[in-house]
Structures are given as C-alpha cells and as structure tokens.
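As a plain string of letters, each chain reads:
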Amino acid sequence: MSTDKAKPEAAKAMDISIMGRDLKVACPVGEEAQLSAAVDLLNQKMQEIKDAGKVVSFDRIAMIAALNIAHDLLKVKSGKNSLDSGDVKRKINSMGKLIDQTIAEQDKLF
C-alpha cells in the first residue's frame with residue numbers, strides 16, 4: 001500500500017561541543033560529517049565574535065553567529081557567493097536546533 005507521507009529518516013544521537021558546552025543531538029544517519037562541519041563552523045563563528053570582545057553572553061554570541069550564517073546563506077541564494085546552498089541550509093538547520101537546545105538548557109538554570 002502506498003502512502004503520501006515520506007518515511008522518517010533514521011537518526012542517531014551524537015555528542016557535540018559548542019564553545020565548551022557539551023550537547024547530545026539527533027543526527028540523521030549518514031549526515032554525521034555534515035553535522036560535525038556545522039559544529040566546526042558554528043564554533044569558529046562564535047569564537048570570532050567572542051574574540052572581538054563586544055559580546056560576552058553565550059546566548060547573544062550564538063544568536064549573532066546564527067544571524068551571520070543566515071546572512072551568508074541569503075548571499076548564496078542571491079548568487080553573490082559561491083558556497084553550495086544545500087550544504088549551508090543543512091548547516092543552518094542543524095545549528096538552529098543546537099541553539100534552541102542550548103537556550104532551553106539555559107532556561108532550566110534560572
């Protein structure tokens with residue numbers, strides 16, 4: 001019998017670290033390398049923001065990094081950049097999930 005719904009992708013738990021904060025996230029099987037690349041990119045962007053010294057809050061650093069990466073994606077979509085937009089989209093989606101999880105964990109502390 002055929003259904004219109006797509007079969008959900010299998011996922012596995014992966015341990016990652018964002019600026020020294022350890023997280024366990026779900027990752028579609030076969031996309032582990034992309035998640036690792038996304039983590040590396042996010043850590044790099046966040047470290048650049050932190051090193052600039054103007055922002056100190058982890059949450060703010062994460063949001064500014066996400067905004068910068070989203071801006072890069074929009075440049076790709078408009079043809080002003082040569083990055084592969086599919087890879088960037090996957091990275092942004094992964095990072096968005098990580099940011100949401102991190103913020104949720106922070107909310108539990110207060």
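Going by the structure above, here's the rest.
Not measured: the values here are computed from a predicted model. (Residues numbered from 1 in each chain as written. Predicted model: local features only at pLDDT ≥ 70, side-chain atom pairs only at ≥ 80, totals over all residues. Heavy atoms only, no water.)

Trainee: Teacher, can you tell me more about the overall build of the protein here?
Mentor: For the protein, the count of helices and strands is three helices and two strands. Reading the protein from its N terminus to its C terminus gives the helix and strand order β-β-α-α-α. Going through the 110 residues of the protein one by one, you find that 27% of them count as buried. Contacts spanning at least 24 positions in sequence make up 43% of the contacts within the protein whose residues lie at least 6 apart. (Helix = DSSP H or I, 4+ residues; strand = E, 2+ residues; numbered from the N terminus. Buried < 20%, exposed > 50% of the residue type's maximum accessible area, 1.4 Å probe, protein only. Contact = heavy atoms within 4.5 Å.)

Trainee: Can you help me understand empty space enclosed by the protein in this one?
Mentor: Empty space among the atoms becomes visible once a probe the size of a water molecule is rolled across them. Following the criterion strictly, the structure yields one cavity of 30 Å³ or more and no others. Of the voids in this model, the largest cavity is the one considered here, and its volume is about 30 Å³. Contributing to the lining of the largest cavity are Ile 18, Leu 42, Met 46, Phe 58, Ala 62, Leu 98, Ile 99 and Thr 102. Secondary-structure elements contributing two or more residues to the lining of the largest cavity are helix H1 (32-52), helix H2 (58-77) and helix H3 (85-109). (1 Å grid on protein atoms, 1.4 Å probe; cavity = no way out; pocket = protein on both sides within 12 Å on 5 of 7 lines; lining within 4 Å. Points joined across faces, edges and corners; volume = space filled by probe spheres on them.)

None of this, on its own, says anything about what the molecule does.
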